[in-house]
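Descriptive analysis of the structure
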Amino acid sequence: MEQIDSTKALDLLRDDAERIKKLIRNQENSLCIAQCKAFEEVVDTQMYGLSRQVAFAIRLGIVDNQTGQQLMADLEKDLNQLYSEVYEDQRTPEIGKEA
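To start, this report covers the structure provided alongside it.

The rules we used
Residues numbered from 1 in each chain as written. Predicted model: local features only at pLDDT ≥ 70, side-chain atom pairs only at ≥ 80, totals over all residues. Heavy atoms only, no water. Core = buried A, V, L, I, M, F, W, Y, C linked by side-chain atoms within 4.5 Å. Buried < 20%, exposed > 50% of the residue type's maximum accessible area, 1.4 Å probe, protein only. Helix = DSSP H or I, 4+ residues; strand = E, 2+ residues; numbered from the N terminus. Contact = heavy atoms within 4.5 Å. 1 Å grid on protein atoms, 1.4 Å probe; cavity = no way out; pocket = protein on both sides within 12 Å on 5 of 7 lines; lining within 4 Å. Points joined across faces, edges and corners; volume = space filled by probe spheres on them. Nonpolar A, V, L, I, M, F, W, Y, C, P; charged D, E, K, R; others polar. Salt bridge = Lys/Arg side-chain N within 4 Å of Asp/Glu carboxyl O.

Ranked by size, the top nonpolar core spans 20 residues in total, and within it Leu50 and Leu79 carry the most contacts. Those elements that provide at least two residues to this core are helix H1 (6-25), helix H3 (37-60) and helix H4 (65-98). Tallying contributions element by element places H3 first for this core, with seven residues. Setting aside residues up to four positions removed in sequence, Leu79 forms contacts with Ile20, Lys21, Ile24, Val43 and Met47.

Given below as C-alpha cells:
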C-alpha cells in the first residue's frame, strides 16, 4: 500500500476544490445558478463532501488544521465571488430595461 504524504493529500484536496469552482463556472451563462435550487443543493453537497475530506485529512495528520481550514475559507471566498459575478451579470440587463 502506498503511503500518502501531506503534499499529495493537499494537492488532491485542492483538485477537488477546483472541481467545485469549475462546476459553478460552467453554469455562469445559465440562469440556473440564480434560479435553480437543485444546482444550489449540488454545490452544497459538494462543499460538504470536501469539508469532510479535509476534516479526515486533518484527523489523519496529513494536513494541518490551519491549512485545511484555509483551503475551505479560500474556496468559500472564491465561490462567493463567482456567485456575485453571476448575479451582477444577470442584474445588469434588468437595470438597463428600467431606463
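The calculated volume of the largest pocket comes to roughly 170 Å³. Along its surface, the largest pocket is lined by Ile4, Ala9, Leu12, Leu13, Gln53, Phe56, Ala57, Leu60 and Ile62. Counting residues per element, the lining of the largest pocket draws most heavily on H3, which supplies four residues. Classifying every residue of the lining of the largest pocket by side-chain character gives eight nonpolar, one polar and no charged.

All right, on to the pattern of salt bridges then. On inspection of all chains with the given rule, the structure shows three salt bridges. Where Asp16 meets Arg19, a salt bridge forms, and the shortest distance between an N and an O atom there is 3.8 Å. Remark: Arg19 and Asp16 occur in helix H1; sequence separation between them is three residues, near one turn of the helix. Overall, the relative accessible area of 42% leaves Arg19 in the partly exposed class. We note a salt bridge from Lys21 to Asp78, for which the minimum N-O separation is 2.8 Å. Within this pair, whereas Lys21 is found in helix H1, its partner Asp78 is found in helix H4, the two being separated by 57 residues in sequence.

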